[in-house]
Amino acid sequence: MNYSELTAKSFALRRDVLEMIYRSKGGHFGGDFSVMDILVTLYNLHMSTSLQNIDDPMRDRFILSKGHCVAALYAVLCDKGFFPKTDLETFSQFGSNYIGHPNNKINGIEMNSGSLGHGLSIGVGMAIAAKMDNASYHVYVVMGDGELAEGSVWEGAMSAGHYKLDNLISIVDRNRLQISGSTEEVMAQDNLSERFASFGWNVLEADGNNIKSLDEVISSAKLHKGKPTAIIANTAKGYGYSAAENNAGWHHKVPNAEQYESAKAELLKREAEAV
């Protein structure tokens, strides 16, 4: 698929997320919408991960460290054929495996996450294992910028730099908002590039809501040798629905009936415009 088609797909999958959140009356709308383009790019252009090779030891590994945004991951996995679309209708329903954080009982989920700050360290362990086995797969970890206040993130970053894990790529969904407000007000973190670089990382930046930009930067990261790579993906919280964009109030919010119809109409329009 070309960039225009993938951009259209990203808006279509946001509609799936909208349906899931509206139906279940729960979910993290803002972060699901900001991270969607990152997931679409990884799963369609970069990762050797599919239902067919789900048990292949040489498959790429993916960890959604910001596990509260699992609705976006479910939508992408469903689109890639890991499970039928009817499963999405059970999101956050009693007795469903499709709970509000990643659940490794579901095809395509490598680890349970959601307790923020753990994903990078586990990704480091996976990347070290690949080095020990002389395996060629990459490990991808997507983190939210709010979770970077967790000290365990920087322990993982220090280890990755020390062991020169050039098979590890971490992408930060840098939407600058978390549940209690601006990241810079809650726990300032600029300049992120300098911080990761000081731990021995190769650091790149991308427009995190642009498929072409993400593809080019991830392609560069995969070629870099001798260091892990951190990609600062600058995004807008709630990207795709104007009323939610850059609005901390949509971090964890269920749209009402009017907002649901408005968001659906805008996503349909942007999907059509993309192609």
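Coordinates for the structure precede this section.
Residues numbered from 1 in each chain as written. Predicted model: local features only at pLDDT ≥ 70, side-chain atom pairs only at ≥ 80, totals over all residues. Heavy atoms only, no water.

Asks: Can you help me understand the environment of S4 in this one?
Replies: With respect to the element layout, S4 can be found in helix α1 (residues 3–24). Look at S4 and you get partly exposed, because its relative accessible area is 36%. Sequence-wise, S4 and L116 are 112 residues apart; in three dimensions their C-alpha atoms are separated by 33 Å. (Helix = DSSP H or I, 4+ residues; strand = E, 2+ residues; numbered from the N terminus. Buried < 20%, exposed > 50% of the residue type's maximum accessible area, 1.4 Å probe, protein only.)

Asks: Sorry if this is basic, but what is going on with the packing of α1 against helix α9 (residues 257–274) here?
Replies: The description of two helices packed together rests on the angle between their axes and the distance between the axes. The N-to-C vectors of α1 and α9 enclose an angle of 165°; their axes lie 8 Å apart at closest approach. The pairing of α1 with α9 is recorded here as roughly antiparallel in orientation. Between α1 and α9 lies a crossing whose hand is left-handed. Contacts from S4, T7, A8, F11, A12, R14, R15, L18, E19 and Y22 in α1 reach A257, Y260, A263, K264, L267, L268, R270, E271 and A274 in α9. (Axes fitted to C-alpha atoms, helices over the stretch in contact; angles between N-to-C directions. Parallel < 35°, antiparallel > 145°, perpendicular 65-115°, else oblique. Left-handed = near helix turned anticlockwise from the far one by under 90°. Contact = heavy atoms within 4.5 Å.)

Asks: How should I be thinking about the packing of α1 against helix α3 (residues 70–79) in this particular structure?
Replies: At a closest axis distance of 9 Å, the pairing of α1 and α3 adopts a crossing angle of 120°. Judged on the interaxial angle alone, α3 and α1 are oblique. By crossing handedness, the relation of α1 to α3 is classed as right-handed. Contacts from K9, L13, D16, V17 and M20 in α1 reach A71, A72, Y74, A75, V76 and D79 in α3. Residues that form the contact of α1 with α3 fall into these classes: 8 nonpolar, no polar and 3 charged. (Nonpolar A, V, L, I, M, F, W, Y, C, P; charged D, E, K, R; others polar.)

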